[in-house]
There are 2 protein chains.
Amino acid sequence: MNASEGVRERRPPLTRARVLEDAVALADRDGLDAVSMRALADRLGVVPMALYKHVRDKEALLDGMIETVLAEIPPPGEPGPDWKTAARARVLDARRALQRHPWAWRVLETRAAPSPAMLDHMESMLRILRAGGVSAHLAHHAMHALGSRIWGFTQEVGASGPPPTEPAAVEAAMAAMAARWPAVLESAMSAGHDPDSAVGAGCDDDFEFAFALDLLLDGTERLHLLGWTPWHGVSAGPGR
Amino acid sequence: MNASEGVRERRPPLTRARVLEDAVALADRDGLDAVSMRALADRLGVVPMALYKHVRDKEALLDGMIETVLAEIPPPGEPGPDWKTAARARVLDARRALQRHPWAWRVLETRAAPSPAMLDHMESMLRILRAGGVSAHLAHHAMHALGSRIWGFTQEVGASGPPPTEPAAVEAAMAAMAARWPAVLESAMSAGHDPDSAVGAGCDDDFEFAFALDLLLDGTERLHLLGWTPWHGVSAGPGR
DNA sequence: CGCGCCGGGTGTACGGCGTACACCTTGGTT
DNA sequence: AACCAAGGTGTACGCCGTACACCCGGCGCG
C-alpha cells in the first residue's frame, strides 16, 4: 500500500501472549460472546486463520484466556500457623482476579481438566491448610466445600479422558504431580482418588456435597442460636 | 404421500410440552451441545422453523427446558420447627433433580432473571427457614450461602433489565410477589433490595461472599479443633 | 551466490448454526 | 360457501469454527 517510507510500517508479529491478552481485553469490553475467532482476528489486524498458528483451536484459546486471568492472582505468601486468615486472604485474592473478568468463571466451569494454573492455586490453598495442622482428609473436604467460593465451580465436570491404566503411565503422572503439586497429590490420595485425574474424579461426590451442605447448615444454626444480627453479628460468627 | 390408508398417518400435533420434553431427552442423551433447533426439529419429524411456533427463540427453549427439569423437584412439605432437617432434605431433593440432567446447572447459571419455578423453590426454602424461627436477615444470607448448593450458581448474573422507576410499576411488581412469593419478597426487603429484581441485584455481593466463606472456614476450623476424622466424624459436625 | 526450508500470514471453502420472512395447508366458524 | 387463524414449510442470510492449499520472506547451507 504505502511504500514511500524507508521503514515499512509493519505490525509487531503475532504472539500467543498478544493473542491471549487481546482476547481477554475483548471479552472484558464486549462480553464473552463477542470473542469469536473472526472478531479477535479483526481486532489484531489479521485474518482469522492466522490465529490458528498460535492456538490450536477455540477451546485452547479459552484455556489460554483463563490461564492469563489466573496469572493475575498474587503469589501466595509463606504458609504459617494462622491458616484461617491466610486461606481467607487467598480466596479473596482469587475472587478479586475473577471479578475483574466477569466472564472468566463461566469459562472456568466448562474446562474439562484442571490446568497447571488451577493446580497451582489448589496447591497453595492446600498448603495453607496443611501448614496450619489441618488433616489431609479434612483439608480435602474443605477444598471441595470451598470450591465454588474459589472459582465458582460446583460440579466435577469430570471425564478428562480415560485414566491411563498402564502402571508406567500412572507412575509417571504421579511423579510429575509429586514434583510440582505434592499437596494436591496428597489430597487426592487421601480420598482414594485416582491420582492422575487430580482432584475430582473418583470422589464420592454425594459425600462432598453433603459435607459442604452440613457445614453451611450447621453454621447457620449456630448463628441462629447465638442470636446473630447483621448489625453487630456475634463474636464467633461470620459476617463481621 | 401415502393415501392408501383410510386413516391417514398423521403425527400428533406439536405442543410446547412435547418440544420441551424432547429437548430435555435429547440433552440427556447426547449432551447440551447436541440440542440445536435443527436437531431437535429432526427428532420431532418437523422442519426447524416449526419450533418457533412454540418457543420464541432458542433462549426461550432453554428457559423451558430448565422449567421442565425444575418441575421434577418434589413439592415441599409443611414447614415445621425442625428447619435444618427440612432444609437439608429439600436441597437434596433439588440436587437429585438436577443430577438427572447434568447439563441443567450449566443452563441455570446463564439465566438472567429468576423464573417462576426458581422463585417457587427459593420461596419454599425461605419458608422452611422462617418457620424454624430463623430471622429474615439470617435466612437471606443463608440462602445466598446455600445458593451454589441448591443449583450450582454462585454469582448473581444480575442485570435483569432496568428496574421500573415509576412508582406504579414498582407497586404492581411488589403486589405480584407478595401474592405468590411473600418469603422471597421479605428476604429481598430485608437486605434493602430493589424488590422487583428479586433476590440478587442490589445485594452487597462482597458481603454475601464473605459470609459464606466464613461459614465454611469457621465450620472447618471447628471440625479441626474437635479432631474430626472421616471414619467417625464428630457428634456435632457434618459429614455424617 | 543461489537455493531450499520453514514459520507464519492468507484465501477459499464447507458445513453447521439461529432465525427473518413469505408461503401454504387445514380445520373450525359464520 | 367464504373466511380466518393457527401451525407447518421453504428459502435465504449472516454468523460461526476450521480444514486445506497457498504464498512470502528471512535464514542456513552448499
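Placed above this text is the structure.
Residues numbered from 1 in each chain as written. Chains lettered and ligands numbered in written order. Predicted model: local features only at pLDDT ≥ 70, side-chain atom pairs only at ≥ 80, totals over all residues. Heavy atoms only, no water.

J.: Talk me through the protein's contact with DNA strand D; I want residue IDs and the actual numbers.
T.: Residues in contact with DNA strand D amount to 15 residues; listed here are only the nearest, Arg38 and Lys58 of chain A together with Met49, Lys53 and His54 of chain B. A share of 46% of the atoms of DNA strand D within 4 Å of the protein falls on sugar and phosphate groups. Within the side chain of Tyr52 of chain A, an N or O atom sits 2.9 Å from a phosphate oxygen of DNA strand D. Side-chain polar atom of Lys58 of chain A to a phosphate oxygen of DNA strand D: 2.8 Å apart, as the coordinates give it. Taken together, the residues of the surface near DNA strand D sort by class into 8 nonpolar, 2 polar and 5 charged. (Near = heavy atom within 4 Å. Polar contact = N/O pair within 3.5 Å; in protein donor to acceptor, adjacent residues only side chain to side chain. Nonpolar A, V, L, I, M, F, W, Y, C, P; charged D, E, K, R; others polar.)

J.: Go over the relation of the copies chain B and chain A, please, and point to the residues and values.
T.: Two copies of the chain are present, and they differ by a rotation about an axis and a shift along that axis. The transform that puts chain B on chain A rotates by 180 degrees and translates by 0.0 Å along the axis, for an RMSD of 0.0 Å. Taken together, the turn and the small shift mark the pair as related by a two-fold rotation axis. Residue by residue, 96% of the interface of chain B is reproduced at the interface of chain A, so both copies engage with the same surface. (Least-squares fit on C-alpha atoms with pLDDT ≥ 70 in both. Contact = heavy atoms within 4.5 Å.)

J.: Just give me the short version of helix H6 (residues 116-131) of chain A, but keep the residues and values in it.
T.: Between its first and last C-alpha, H6 of chain A extends 22 Å over 16 residues, near the 22 Å set by a 1.5 Å rise per residue. Residues Met118, Leu119, His121, Met122, Glu123, Ser124, Met125, Leu126, Ile128 and Leu129 of chain A constitute the buried set of H6 of chain A. (Helix = DSSP H or I, 4+ residues; strand = E, 2+ residues; numbered from the N terminus. Expected span 1.5 Å × (residues − 1). Buried < 20%, exposed > 50% of the residue type's maximum accessible area, 1.4 Å probe, protein only.)

J.: Can you tell me about the protein's contact with DNA strand C, naming the residues and giving the values?
T.: Not every one of the 17 residues close to DNA strand C is listed here, only the nearest: Lys53 and His54 of chain A together with Arg38, Tyr52 and Lys58 of chain B. Within 4 Å of the protein, the atoms of DNA strand C are drawn from sugar and phosphate moieties in a proportion of 45%. At a separation of 2.7 Å, a base oxygen of DNA strand C approaches a polar side-chain atom of Lys53 of chain A. Measuring from a phosphate oxygen of DNA strand C, one finds a side-chain N or O atom of His54 of chain A at 2.8 Å. Its residues assigned to classes, the surface near DNA strand C comprises 8 nonpolar, 2 polar and 7 charged.

J.: Can you break down the side chain of His101 of chain A residue by residue, with the values?
T.: Checked against the element boundaries, His101 of chain A lands in the loop between helix H4 (83-99) and helix H5 (104-110). For His101 of chain A, the contacting residues outside a window of four places in its chain are Val24, Asp28, Val69 and Glu72 of chain A.

J.: So, a nonpolar patch on the surface: which residues are in play, and what are the values?
T.: On the surface, Val47, Met49 and Tyr52 of chain A cluster together into a nonpolar patch covering about 310 Å² of accessible area. Tracing the sequence through the fold places Tyr52 of chain A in the loop between helix H2 (37-43) and helix H3 (58-70). (Patch = residues over 30% accessible without salt bridge, like charges linked within 9 Å, V, L, I, M, F, W, Y side chains within 5 Å. Areas by Shrake-Rupley, 256 points an atom, 1.4 Å probe, with all protein chains shown as cover. Salt bridge = Lys/Arg side-chain N within 4 Å of Asp/Glu carboxyl O.)

J.: Account for the interface of chain B and chain A, with residues named and values stated.
T.: In many analyses, interface size is given as the accessible surface area lost on bringing the parts together. Contacts between the two partners involve 55 residues from chain B, matched on the other side by 53 residues from chain A. Summed over both partners, the interface of chain B with chain A comes to about 5,400 Å²; 66% of that surface belongs to carbon and sulfur atoms. Of all residues in chain B, the largest losses of buried area upon contact with chain A belong to Arg149, Phe209 and Leu216 of chain B, amounting jointly to 14% of the total for that side. If you look at where chain B meets chain A, you find 8 salt bridges. Ionic pairing is found between Asp214 of chain B and Arg88 of chain A, a salt bridge with its closest N-O pair at 2.7 Å. Applying the counting rule to chain B against chain A returns 8 residue pairs in polar contact (both at pLDDT 80 or more). Elements represented by at least two residues in the side of chain B that touches chain A include exactly helix H4 (83-99), helix H5 (104-110), helix H7 (136-150) and helix H10 (205-225) of chain B. Residue contributions to the side of chain B that touches chain A peak at 19 residues, all from H10 of chain B. (Buried area = accessible area lost by both parts, 1.4 Å probe.)

J.: Outline helix H1 (residues 16-30) of chain A, listing residues and values.
T.: Residues and elements named next belong to chain A. Over its 15 residues, H1 runs 21 Å from end to end, which matches the ideal 21 Å to within 8%, given 1.5 Å per residue. Among all positions in H1, only Val19, Leu20, Asp22, Ala23, Val24, Leu26 and Ala27 are buried. Residues of H1 that are buried in the fold lie against H2 and H3. Just downstream of H1, Gly31 is the residue with a positive phi angle, here 95 degrees.

J.: Before we move on, can you summarise the nonpolar core with the specific residues and values?
T.: Grouped together as the largest cluster of nonpolar side chains are 62 residues, with contacts concentrated most on Leu129 of chain A together with Leu129 of chain B. Leaving out residues up to four positions away in the same chain, Leu129 of chain B has contacts with Trp83, Ala87, Val134, Ala139 and Ala142 of chain B. In this structure, Met37, Val55, Ala104 and Leu108 of chain A belong to the second largest nonpolar core, which totals 33 residues. (Core = buried A, V, L, I, M, F, W, Y, C linked by side-chain atoms within 4.5 Å.)

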